[in-house]
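Structural overview
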Amino acid sequence: MKINWGTGIVIAFVCFISFIMYFVISMSTDKKYDHDLVIEDYYGQELQFQADLDHEENAKNLKTNVSWKKTNEGIVISFPEDLDIQKIEGKVFLYRPSNKQLDFETPISLSNHNLLIPDKRLLDGRWNIKVDWKYNTNSYLFKKEITY
């Protein structure tokens, strides 16, 4: 049986398309390559972006901004000493880029201007900390990428 050049081109196209389809199907069905959105409500968060920039600017205008440090007990987030801790309210969100099941949110409840995030809730690696807090009527935002 003799194969002419037209049949050869068709066979090459079919083989190439089969090869590409194999990789597309294997990448979309294999759980190892599961890709999630960073956040579920991506577009809603995008609309909030300008407000976040304003809140970050408010935080930069404070005498001292929120700070953090790693201790044996976990992460200690420190709020400015010159503020009344009874008037500080908000939440701390810890985002793990490599695994969304490890993300968690904690309300701010302070003892002597410090908030402890226990070591048992944190795994070694990269975390994004977002402290969204309010003092009186002003809103503030502190964001930091850390390696724990």
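Structure report, in brief.

Basis of the calculations
- The numbering scheme is per chain: residues are counted from 1 as the chain's sequence reads.
- Local features in a predicted model are, by the rule used here, given only for residues with pLDDT of at least 70; side-chain atom pairs are given and counted only at 80 or more, and totals for whole chains, interfaces and linings are based on all residues.
- As a rule here, side-chain values cover all heavy atoms of the structure and leave hydrogens and water aside.
- Put simply, DSSP H or I for four residues or longer makes a helix, DSSP E for two residues or longer makes a strand, and each gets a number counted from the N terminus.
- Per-residue accessibility, obtained with a 1.4 Å probe over protein chains only, is compared with the maximum for each type, and a residue is labelled buried under 20%, exposed over 50%, and partly exposed between these values.
- When two rings of Phe, Tyr or Trp (its six-membered ring) have centres within 6.5 Å they constitute a pair, described as stacked for plane angles under 30 degrees, edge-to-face for angles over 60, and tilted for the intermediate range.

Here the focus is unusual backbone geometry. The phi dihedral of His113 falls on the positive side, at around 65°, and the residue is not glycine. Counting through the fold element by element, His113 comes out in the loop between β4 (104-107) and β5 (114-118). The backbone phi angle of Asn136 is positive, close to 55°, even though this residue is not glycine. Secondary-structure assignment places Asn136 in the loop between β6 (126-135) and β7 (138-147). Overall, the relative accessible area of 47% leaves Asn136 in the partly exposed class.

Evaluated as defined, the whole model comprises five aromatic pairs. Ring geometry for Phe19 and Phe23: centres 4.9 Å apart, planes at 80°, overall edge-to-face. Taken as a pair, Phe19 and Phe23 lie in helix α1 (residues 5-29) at a separation of four residues, close to a single helical turn. Take Phe19: its relative accessible area is 47%, and that puts it in the partly exposed class. Their ring planes at 85° and their centres at 5.3 Å tell us that Phe79 and Trp133 sit as a pair that is edge-to-face. One end of the pair, Phe79, is in the loop between β2 (74-78) and β3 (88-95); the other, Trp133, is in strand β6, and 54 residues separate them in sequence.

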